Amino acid sequence: MYERTHFDDRGKTMELLKPIKYFNFKDCDQAELGAVATITTGCQYAQFEWPDENLQPFTLIEKLVGDSIILGEPKYMRVSEREKKKFCFLHGDIISTHNSSSSQLGNCVLFDLPHFVLHTKYLRIVANEHLNSHFLLLMLTQLRLEGNIHRIAKQKGSVYYVSIEDLKRLKILVPTIEHQKQLLDFHIRA
């Protein structure tokens, strides 16, 4: 890998290529996804289109498009305060499509919205202390691009789905936190 450096000399721009000090992926440990992240389904309670005195309004995710989260109109649900805490997305959670069309299967997005969103039809993947959430998102995207998600998927009609247990068995590379940050820095600059 090489890094491009620009120099401005009397109005001229020149590029100098210099090697980037990088780590070797062969030195990284491999781990099952379930050993380094928690994967959960969302709240399965009935959703209603209209308000009622026993129901509360909640913002839900309508769909994931690319790396964007599209929110839908509020739905109304009967959910306790304890369940709200259990099922709300937190900053840094990864949202993953696990039951969809072939083209959307395994799509992942990092949750970074500033307001309360209830976790319902998508999977929530939370990195443990050995993984940076941004790095885990990069690894999950790589698994998807390499076809690993589709290889473990099952199909029913036109819908593809992946079980949590199958996802947990997928292997990912787990470099040190310092190397994860280094890789992310390089990825952002690229």
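Anything mentioned here points back to the structure above.
None of these values were measured; they are calculated from a predicted model.

### Re the sheet that holds strand β4 (residues 37–40)
Consideration 1: Taken in spatial order, the four strands of this open sheet run β4-β12-β9-β11, and their pairing is antiparallel. In the strand order of this sheet, the two ends are held by β4 and β11 (108–110), each with one partner. Between one strand axis and the next, the sheet turns by 25 degrees as a mean value, whatever way the strands run.
Consideration 2: Relative to β11, strand β9 (residues 94–96) is paired through three bridges, and the arrangement is antiparallel. From the neighbouring strand, Ser96 faces β11, where its bridge partner is Cys108.
Consideration 3: Those strands touched by helix α3 (residues 133–145) are β4, β9, β11 and β12 (123–127), and its axis lies near 165 degrees from that of β11.

### Details of the pattern of salt bridges
Consideration 1: Tallied over the entire structure, the rule returns six salt bridges.
Consideration 2: Glu81 serves as the salt-bridge partner of Lys84, at 2.7 Å between the closest nitrogen and oxygen. Residue Lys84 and its partner Glu81 are both found in helix α2 (residues 81–87); the two are separated by three residues, about one turn of the helix.
Consideration 3: Classification of Lys84 as buried rests on a relative accessible area of 17%.
Consideration 4: Among the ionic contacts, a cluster of salt bridges with common partners joins Lys154, Asp166 and Arg169.

### A look at the sheet that holds strand β13 (residues 154–156)
Consideration 1: If you walk across this open sheet you meet the three strands as β10-β14-β13, and the pairing is antiparallel. At either end of the open sheet lies a strand with only one pairing partner, and these are β10 (99–100) and β13.
Consideration 2: Note: β13 against strand β14 (residues 159–161), three bridges, orientation antiparallel. Note that in β14 the partner of Lys156 across the bridge is Val159.

### Comments concerning the pairing of strand β6 (residues 61–65)
Consideration 1: With four bridges joining them, β6 and strand β7 (residues 68–71) adopt antiparallel strand pairing. Residue pairing across strands places Val65 opposite Ser68, the latter belonging to β7.

### What to know about the nonpolar core
Consideration 1: Counting 30 residues, the largest nonpolar core has Ile94, Leu131, Leu136, Leu140 and Ile172 as the members making the most contacts within it.
Consideration 2: Within the residue set of this core, elements represented by two or more residues are α1 (33–36), β4, β11, β12, α3, α5 (164–169), β15 (171–174) and α6 (177–189).
Consideration 3: Broken down by element, the residue count for this core peaks at seven residues, all from α3.
Consideration 4: Contacts of Leu136, omitting those with residues within four sequence positions, involve Leu33, Ala37, Ile94, Ile125, Ala127, Leu131 and Ile172.
Consideration 5: Within the second largest apolar cluster, nine residues are counted, among which are Ile61, Val109, Phe111 and Val117.

Procedures and definitions
- Each chain carries its own residue numbering, running from 1 in the direction its sequence is written.
- Reporting of local features is limited, given that this is a predicted model, to residues whose pLDDT is at least 70; pairs of side-chain atoms are given and counted only at 80 or more, and all residues count toward the totals for whole chains, interfaces and linings.
- Working from all heavy atoms in the structure, the side-chain values ignore hydrogens and water.
- The pairing criterion is simple: DSSP has to find at least two bridges between the two strands.
- The way it works is that DSSP assigns letters per residue, a run of H or I at least four long becomes a helix, a run of E at least two long becomes a strand, and they are numbered from the N terminus.
- Structural elements are reduced to axes, namely lines fitted to C-alpha atoms, with helices fitted over the stretch in contact, and the angle between N-to-C directions of any two is expressed from 0 to 180 degrees.
- Two residues qualify as a contact provided that any one of their heavy atoms is within 4.5 Å of a heavy atom in the partner residue.
- Here, a salt bridge means any Lys or Arg side-chain nitrogen found within 4 Å of an Asp or Glu carboxyl oxygen.
- Type-normalised accessible area, obtained with a 1.4 Å probe on protein chains alone, sets the label of each residue: buried when under 20%, exposed when over 50%, and partly exposed for intermediate values.
- For this analysis, a nonpolar core means a set of buried residues of the types Ala, Val, Leu, Ile, Met, Phe, Trp, Tyr and Cys, connected via side-chain atoms within 4.5 Å.

Read these as spatial facts, not as claims about activity.
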